[in-house]
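Read off the chains here:
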Amino acid sequence: MADIGQATPAEGPVTPEERTKALSSFTDGKSACPKPVIREHPILPKAGEKNVLITSALPYVNNVPHLGNIIGCVLSADVFSRFCRLRGWNTLYICGTDEYGTATETRALEEGLTPQQICDKYHALHADIYRWFNIDFDFFGRTTTPQQTEIAQDIFWRLHQRDHLLTDTVDQLLCEKCDRFLADRFVEGTCPLCNYEDARGDQCDKCGKLIVATELKKPRCKICSASPVVKTSTHLFLNLPQIEPELNGWLEEILPNDSWSSNARVITRTWIRDGLKPRCITRDLKWGTPVPLEGFTEKVFYVWFDAPIGYLSITANYTDQWEKWWKNPDEVTLYNFMAKDNVPFHSVVFPCSLLGAEDNYTLVNHLQATEFLNYEDGKFSKSRGIGVFGDDAKDTAIPADIWRFYLLYVRPETQDTTFSWEDLMVKHNSELLNNLGNFIYRALTFVVNNFHGTIPTMDLEEPDIEMLAQVNRELQMYNFNMERVRLRDGLTTILNISRLGNQYIQANKPWVLLKGTEQDRARAGTVVGLCANMACALSVLLHPYMPDISTQIQDQLAAPADMNVVVDRLVCNLGPGHKIGQPKPLFEKLEATLVQDLKKKFAGRQKE
């Protein structure tokens, strides 16, 4: 099994050695393929195996996720987790809703519900949306649980016992009209750094800098628009400078390995470049994990101390043996998926909490952060209701797999990208309909219409072996990219293989061969049988990206269940005599009129 250190796949003309290996693998390689991983819950680490723990950033429970949220976190993690299982790795994918904090309290006030009722309502909504998008969590939980309180307070006490906490006063903004302290995200005003007029109390969307709410110019309450006043309150702080040497030692081991996305490395280095400062971990709220220390019992933990601990507590809700994943750094490889604005809390603040607790916690090995996905000419915004939201997508009559495909095609891996209705139509019609779908439907209909639905004998000639070797290069590149979480490049290799298949059919013209001699007809059988096996391989590669389409292809092929593993060579899964099912077109053309109607229908307004 190839690991992260495998060499870059070959380039240039196919070599004789590659041809020899390609022929051998196709004719005799099936028996050497590993068996598919069978998921049996609870999934626990296994000694001597590659144990992969995957988390995606916990979505805030108080609103509907938009497409940018979905690709930035849960969908990217889902694609990678599906790949890991196909690769034969022992994999656990955990996520859930982040339910504490002022945002929940405020939403409860707006809707006339209790915070718990709001959490129950929106947790179910999130779960429904992710289910529709075919997000295959091993467990999707929530942070409002006894396990969250127990684990968060345990980490707190361990930090307290090791003198990693400080007490200090904080100037906070109090909205006298609402009679509440305002969390950073519920204050807006003019950025003190760039003068952007709609900066939030924790970060400016325009310049990207983190800011302090009390430093905003002309601050206003986001709830009632009144001008808040500054009040002093005593809080607990995590002494980050005290833990910083241990953090730096860990980062020096991690960052040079190229195992984090580039933006995650840059953001983290920027944070630690000028030295860390103590960070407040408590808030004057009611809805949150209670602080157990005398004198602070009327306060709760600040969300960015508390929320990442949700990964642990959600795993604890999944299995009481959660420590085998989270206190096992020698046997577990941890992947975190998120958007770039969450990086500092996962790369600096949360690791400091775990390092300071000194309890052998599993720290993140691979931090994968996306840039932002914009919507048409603007930005997605929950608060401003701009963009297509998760519950809108299913109203379009466009299947979930098409949404998955396009979001992954434009996944903002190295720079911000844009969702565009016209581009969705173009990519669907060119890449899915005319390339991938066309190849698979042609290959299968040739088998049904000319060989009674039975895979014919395949006598491989030099052009066939050349094509096999080229496909193998793409398979190797697929694994190379996927193991490095280059999901866009992984999708590109799939489309490259179907493009090779279309070129191969065009070059060999089986429809002409079928009208010729017996030898010509046998040659057509080889071409068609080889294409059917390429379709079979494509169904496996597609599974992480488009699971429903993958299943449809395998159903049409009547493919054997034991073929659902990813290898780096094309093997013959459909041997001569194999009876396939009934082929059907996988995709329908997206018409410009429909796309224009949808663009108007979802013109940047979230449904009430």
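(A) Region of the structure containing the layout of surface pockets. Taken as a whole, the second largest pocket holds about 580 Å³ of empty space. Lining the second largest pocket are 26 residues; nearest its centre among them are Asp258, Trp260, Ser261, Gln368 and Arg484. In terms of residue count, the dominant contributor to the lining of the second largest pocket is strand β14 (residues 366-370) (4 residues). Taken together, the residues of the lining of the second largest pocket break down into 4 nonpolar, 10 polar and 12 charged.

(B) Here's a closer look at the nonpolar core. If you look at the biggest cluster of nonpolar residues, it comprises 171 residues, and the most contacted ones within it are Ile155, Phe419, Trp421 and Tyr545. When residues of this core are assigned to their parent elements, the largest contribution, 14 residues, is made by helix α19 (residues 518-542). With near-sequence residues (within four places) excluded, Trp421 lies in contact with Tyr375, Glu376, Val388, Thr396, Ile398, Trp403, Val595, Leu598, Lys599 and Phe602. Membership of the second largest hydrophobic core comes to 11 residues, among which are Ala199, Ala213, Leu216 and Cys221.

(C) Layout of the pattern of salt bridges. By the definition in use, this model includes 41 salt bridges. Its salt-bridge partner being Lys599, residue Glu422 comes within 3.3 Å of it at the nearest N-O pair. Residue Glu422 is located in helix α15 (residues 421-450), and its partner Lys599 is located in helix α21 (residues 592-601); the two are separated by 177 residues in the primary sequence. Judged by relative accessible area, which is 25%, Glu422 ranks as partly exposed. Overall, the relative accessible area of 29% leaves Lys599 in the partly exposed class. Overlapping salt bridges, with partners in common, bring together Arg39, Arg85, Asp136 and Asp138 in one network.

(D) Geometry of the sheet that holds β14. In spatial order, the strands read β3-β2-β1-β13-β14; together these 5 strands make up an open sheet with parallel pairing. In this open sheet, the two edge strands, each paired with only one partner strand, are β3 (139-142) and β14. Averaged over all neighbouring strand pairs, the angle between strand axes comes to 20 degrees, with direction disregarded. As defined by bridge partners, strand β1 (residues 51-56) adjoins strand β2 (residues 90-97) across 5 bridges and the pair is classed as parallel. Bridging from a neighbouring strand, Ile54 pairs with Tyr93 of β2. Against the sheet, helix α5 (residues 115-132) makes contact with β2 and β3, and its axis sits at roughly 160 degrees relative to β3, the strand it touches most.

(E) Spotlight on the pairing of strand β4 (residues 165-175). The pairing of β4 with strand β9 (residues 229-238) spans 10 bridges and is antiparallel. Counterpart to Thr169 in the pairing with β9 is Thr234. Two elements, β4 and strand β5 (residues 180-181), share 2 bridges in a ladder whose sense is antiparallel. Bridged to Leu174 within β5 is Phe181. From the end of β4 to the start of β5, which pair antiparallel, there are 4 residues, and Asp179 there has a positive phi angle of about 55 degrees.

(F) How the structure looks around helix α16 (residues 462-483). For α16, which comprises 22 residues, the first-to-last C-alpha distance of 32 Å matches the rise-based estimate of 32 Å (1.5 Å per residue) to within 8%. Judged by how many residues are buried, α16 sits mostly within the fold: 17 of 22 residues are covered. Val485 occupies a position one or two residues after α16 and carries a positive phi of about 60 degrees.

(G) Layout of the environment of Val528. Among the structural elements, Val528 can be located in helix α19. Residues within four places of Val528 in sequence aside, it is in contact with Ala443, Phe446, Val447, Phe451 and Pro510.

Calculation criteria
Residues numbered from 1 in each chain as written. Predicted model: local features only at pLDDT ≥ 70, side-chain atom pairs only at ≥ 80, totals over all residues. Heavy atoms only, no water. 1 Å grid on protein atoms, 1.4 Å probe; cavity = no way out; pocket = protein on both sides within 12 Å on 5 of 7 lines; lining within 4 Å. Points joined across faces, edges and corners; volume = space filled by probe spheres on them. Helix = DSSP H or I, 4+ residues; strand = E, 2+ residues; numbered from the N terminus. Nonpolar A, V, L, I, M, F, W, Y, C, P; charged D, E, K, R; others polar. Core = buried A, V, L, I, M, F, W, Y, C linked by side-chain atoms within 4.5 Å. Buried < 20%, exposed > 50% of the residue type's maximum accessible area, 1.4 Å probe, protein only. Contact = heavy atoms within 4.5 Å. Salt bridge = Lys/Arg side-chain N within 4 Å of Asp/Glu carboxyl O. Pairing = 2+ DSSP bridges. Axes fitted to C-alpha atoms, helices over the stretch in contact; angles between N-to-C directions. Expected span 1.5 Å × (residues − 1).

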